[in-house]
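Structural characterization, general
Take a look at the letters that make up each chain.
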Amino acid sequence: MKTLKLLNYAADQWVAGDGGLAPVHSAVTGEVIAETGSGGLDFAAMLDHARRVGGPALRRMTFHERAHVLKALANAVMARKEELYELSYATGATRGDGWIDIEGGAGTLFSFSSKGRRELPNGKVLIDGAMEPLSKGGTFAGQHVYTPLQGVAVYINAFNFPVWGMLEKLGPTLLAGMPAIVKPASATGYLTEACVRIMIEAGVLPPGTLQLIMGATGDLMDHLTCQDVVSFTGSAATAMKLQSHPVIAQESVRFVSERDSLNASILGPDAGPGTPEFDLFVKEVAREMTVKAGQKCTAIRRAMAPAGHLDAVQAALSERLAKVRIGDPREEGVQMGALASRGQLEDVRAKVAELAQSARIVSGDPDTSPVPGNGAFIAPILLRSDDPWGSDAVHDVEAFGPVSTLMPYRDLGDAIALANRGMGSLALSLFTFDSDTARDFVLGAGAYHGRMVILDRTSAKESTGHGSPLPVLVHGGPGRAGGGEEMGGMRGVKHYMQRTALQGSPEVLSKIIGQWLPGADKPAGDVHPFRKRISELEIGTTLKTASRTVTLADIEHFAHFTGDTFYAHMDDEAAKASPIFGGRVAHGYLILSFAAGLFVDPDPGPVLANTGLETLRFMTPLYPGDSMRVELTVKSKSIRDEEKGEVRWAVEVFNQKDEIVATYELITMNQP
Ligand code: NDP
């Protein structure tokens, strides 16, 4: 393989770093495969370019338009994934490891794209919660909204997931409407560089939205402002160095940090040898130790079992680990490749030596390479600590490789305390078939762990496992884990936006957010709103129907027709005795049906189907002889594709005294 000259991507140009380039070695053979460096880059100019060119371009787009960009990027990565796999082997990753990184990364973009189109409006403002009425007369109200930050998201990423590590941050960032500058770890940055190249060549990113630094970040931190976000993944030492940069404190720069984590997995007190949970636990600990050669921020570092079962766990785990085939990740049948670099190998050996001062190695030899040559190979190392409260190292020292420490616990309280002794983790797993144990564990340990997976015989087969962060769930953890939070579906998007509490009249607020709010104007339309396509419908347009009287005969007919003969509708005496009704009342569903009868325009047209109804509330009973009328208001609209979209209608049903009988939100599928 000829030596790759890695390039930076600054202000929409590929540029070589000048000055001394650093060699990058293959994890498998030790040979130099690339040269990398960022010398000569003007970091202030890169930030400026993103702020002046990239940010405004993204903010001109709607959430849905940005979501389409994510999908196009994911498709581009998938179309050229083999180029990435080819490079991925040199990081020591097997095809399976590479799949997590490459296809897992593309999958994360797909997920953010589809969630963005389903859950965000096809607009530019993200609404946070319901309007808060602030005045008696209804003319003054509050509404929380999110708008995109006007700076740059700077990613400083770890070596272990060169593709996924970038894409899991890029999905929410671009969806929010913010440009990004990526700085991958030097050891595996060549894979990130190739992925950035694929995305740029796809031609779907507006200029200035993505830049790449292939080396040191120079004075970049000096130029950050309150509109920027630093998202860091790596060691606690680097996190602290960056986080304590004076500009971060002075400018209140958002700093999302994901760093060391001594993740725990616990065999429940009920899960002795012979139970399915015991076998599942052994399998999962072994898997977590060997996938990506244990270089996962979520990997299991501490495996805990009831004291009486520890020997059985050790025997089963050791047997499994001894069978793991280690070698060149390209070779068929190899289950575990190399660490990312010789430097990482030395680091893991040093950390194992530290752990071995208060725990003993019961499986694997850290000092002998299981594969001849200069690759960064190490066998899985299982340690055992019989006195976990007497060893700080087993809870504090993260050996970032295929290394885990087995430890006993006395009872559930002790297991909870030991799990929490890690002082904050990204992921925890509990193997139990007892839901009381699971509930007690979550109550005792939830505050210390970002994600908790409870596995048993019913869920294990379909489970995504202990170590997989998912785009729809939050990834991050308190304390030692960095205190950051990423992804989590639309939660992750908000890290790149500012929440603002708006106050004003419902009419003004409604215009700002692009949604009708109670109290805003309700202009009448020129024709029935069901005759209009989404593009022709105006927010706030209201249809006011004629009224109809609801008779006792209607109620009785409905009761017998549907079988709903609840006392409040049919039993005079009981209804009179009811403190709520004081007499027979119309069924809520009868009111809904009559409401539809009042507002529906029947002929085929732009309204294709009624797809649902939300936030239904019955406010005032409707008595026989009362009349009802409906106001149907266009609340919001969103075009999905060329064939359809969604309209939400605010529906209010009034009685003859203009009291609100029922309110709800009706959802229809319409032609665009
Ligand atoms: P580092 O913290 O050294 O590096 C992480 C990133 O920070 C890299 O991109 C690195 O760049 C960059 N970096 C380092 N120093 C600076 C600086 N002064 N200014 C700007 N950027 C900087 O972690 P490593 O990747 O080397 O991993 C070391 C250890 O961190 C692992 O052994 C493991 O214990 C832990 N780790 C934890 C992870 C987690 O998610 N929990 C993930 C990965 C690692 P460069 O590579 O160019 O130095």
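Report on the accompanying structure.

Scoring rules and cut-offs
- Residues numbered from 1 in each chain as written.
- Predicted model: local features only at pLDDT ≥ 70, side-chain atom pairs only at ≥ 80, totals over all residues.
- Heavy atoms only, no water.
- Helix = DSSP H or I, 4+ residues; strand = E, 2+ residues; numbered from the N terminus.
- Buried < 20%, exposed > 50% of the residue type's maximum accessible area, 1.4 Å probe, protein only.
- Contact = heavy atoms within 4.5 Å.
- Areas by Shrake-Rupley, 256 points an atom, 1.4 Å probe, with all protein chains shown as cover.
- Lys, Arg positive; Asp, Glu negative; His and termini not counted.
- Charge placed at Lys NZ, Arg CZ, Asp CG, Glu CD.
- Near = heavy atom within 4 Å.
- Polar contact = N/O pair within 3.5 Å; in protein donor to acceptor, adjacent residues only side chain to side chain.
- Nonpolar A, V, L, I, M, F, W, Y, C, P; charged D, E, K, R; others polar.
- Salt bridge = Lys/Arg side-chain N within 4 Å of Asp/Glu carboxyl O.
- Axes fitted to C-alpha atoms, helices over the stretch in contact; angles between N-to-C directions.
- Parallel < 35°, antiparallel > 145°, perpendicular 65-115°, else oblique.
- Left-handed = near helix turned anticlockwise from the far one by under 90°.
- 1 Å grid on protein atoms, 1.4 Å probe; cavity = no way out; pocket = protein on both sides within 12 Å on 5 of 7 lines; lining within 4 Å.
- Points joined across faces, edges and corners; volume = space filled by probe spheres on them.
- Pairing = 2+ DSSP bridges.

1. Considering the overall build of the protein chain
The number of helices and strands found in the protein chain is 20 helices and 28 strands. Reported as C-alpha extents along the three principal axes, the dimensions of the protein chain are approximately 90 × 60 × 45 Å. Within the protein chain, the fraction of its 672 residues that count as buried is 55%. The contacts in the protein chain between residues at least 6 apart in sequence include a share of 73% that link residues at least 24 apart. Accessible area for the protein chain stands at about 27,300 Å²; split by element, carbon and sulfur atoms hold 53% of it. Looking at charge distribution, the protein chain has the averaged site of its 64 positive side-chain charges lying 2 Å from that of its 78 negative ones.

2. Describing the site of the ligand
Not every one of the 25 residues close to the ligand is listed here, only the nearest: Ser186, Ser235, Thr238, Arg259 and Cys297. Backbone polar atom of arginine 259 to a nitrogen atom of the ligand: 2.5 Å apart, as the coordinates give it. Protein contact buries 80% of the 870 Å² of open area that the ligand shows by itself. Broken down by secondary-structure element, the contributors of at least two residues to the shell around the ligand are strand E11 (229-233), helix H7 (236-243) and helix H11 (342-355). Of the residues forming the shell around the ligand, the biggest block, three residues, is contributed by H7. Looking at side-chain class alone, the shell around the ligand contains nine nonpolar, nine polar and seven charged residues.

3. Quick look at the pattern of salt bridges
One pass over the full model with this rule turns up 42 salt bridges. For glutamate 486, the salt bridge identified is with lysine 169, shortest N-O distance 3.9 Å. Of the two residues, glutamate 486 sits in strand E21 (residues 486-487) while lysine 169 sits in helix H5 (residues 164-176), which places them 317 residues apart along the sequence. Judged by relative accessible area, glutamate 486 falls into the buried class, the value being 5%. As a salt-bridge pair, aspartate 526 and lysine 532 come within 3.0 Å of each other at their nearest N and O atoms. Look at the salt bridges and you will find they share partners, linking Lys522, Arg629, Glu631, Glu652 and Asp658 into a network.

4. Thoughts on the packing of helix H9 (residues 276-290) against helix H10 (residues 310-322)
Interhelical geometry of H9 versus H10 gives an angle of 45 degrees and a closest axis separation of 10 Å. Judged on the interaxial angle alone, H10 and H9 are oblique. Viewed along their axes, H9 and H10 form a crossing whose handedness is right-handed. Contacts between H9 and H10 involve Phe278, Phe281, Val282, Lys283, Val285, Ala286, Met289 and Thr290 on the former and, on the latter, Ala312, Val313, Ala316, Leu317, Arg320 and Leu321. Counted by class, the contact of H9 with H10 contains eleven nonpolar, one polar and two charged residues.

5. Re the side chain of serine 425
Inspection of the secondary structure puts serine 425 in strand E18 (residues 425-431). Leave out the neighbours within four places in its chain, and serine 425 touches Ser261, Asn263, Tyr448, His449, Gly450, Gly476, Gly477, Pro478 and Ala481.

6. Considerations on the layout of surface pockets
Estimates place the volume of the largest pocket at around 1,300 Å³. The set of elements that each furnish at least two residues to the lining of the largest pocket consists of helix H4 (95-119), strand E6 (126-133), strand E7 (141-148), helix H16 (506-513), strand E25 (607-618), strand E26 (627-639), strand E27 (645-655) and strand E28 (660-670). When residues in the lining of the largest pocket are grouped by element, the largest group, six residues, is from E6. Here the lining of the largest pocket is composed, by residue class, of 24 nonpolar, twelve polar and 13 charged.

7. Describing the environment of valine 653
Here valine 653 lies in strand E27. A C-alpha to C-alpha distance of 59 Å links valine 653 and aspartate 279, two positions 374 residues apart in sequence. If we ignore the near neighbours within four places in the chain, the residues touching valine 653 are Ile591, Ala595, Met628, Arg629, Val630, Glu659, Ile660, Val661, Ala662 and Tyr664.

8. So, the sheet that holds E7
Reading across the sheet, the three strands line up as E6-E7-E22 and stay open at both edges, with antiparallel pairing between neighbours. Each edge of the open sheet carries a strand with a single partner, namely E6 and strand E22 (497-504). Pairs of neighbouring strands in the sheet enclose a mean axial angle of 20 degrees, with direction left out of account. For E6 and E7, the ladder comprises five bridges, and the chain directions are antiparallel. When the bridges of E7 are listed, aspartate 128 appears paired with histidine 144.

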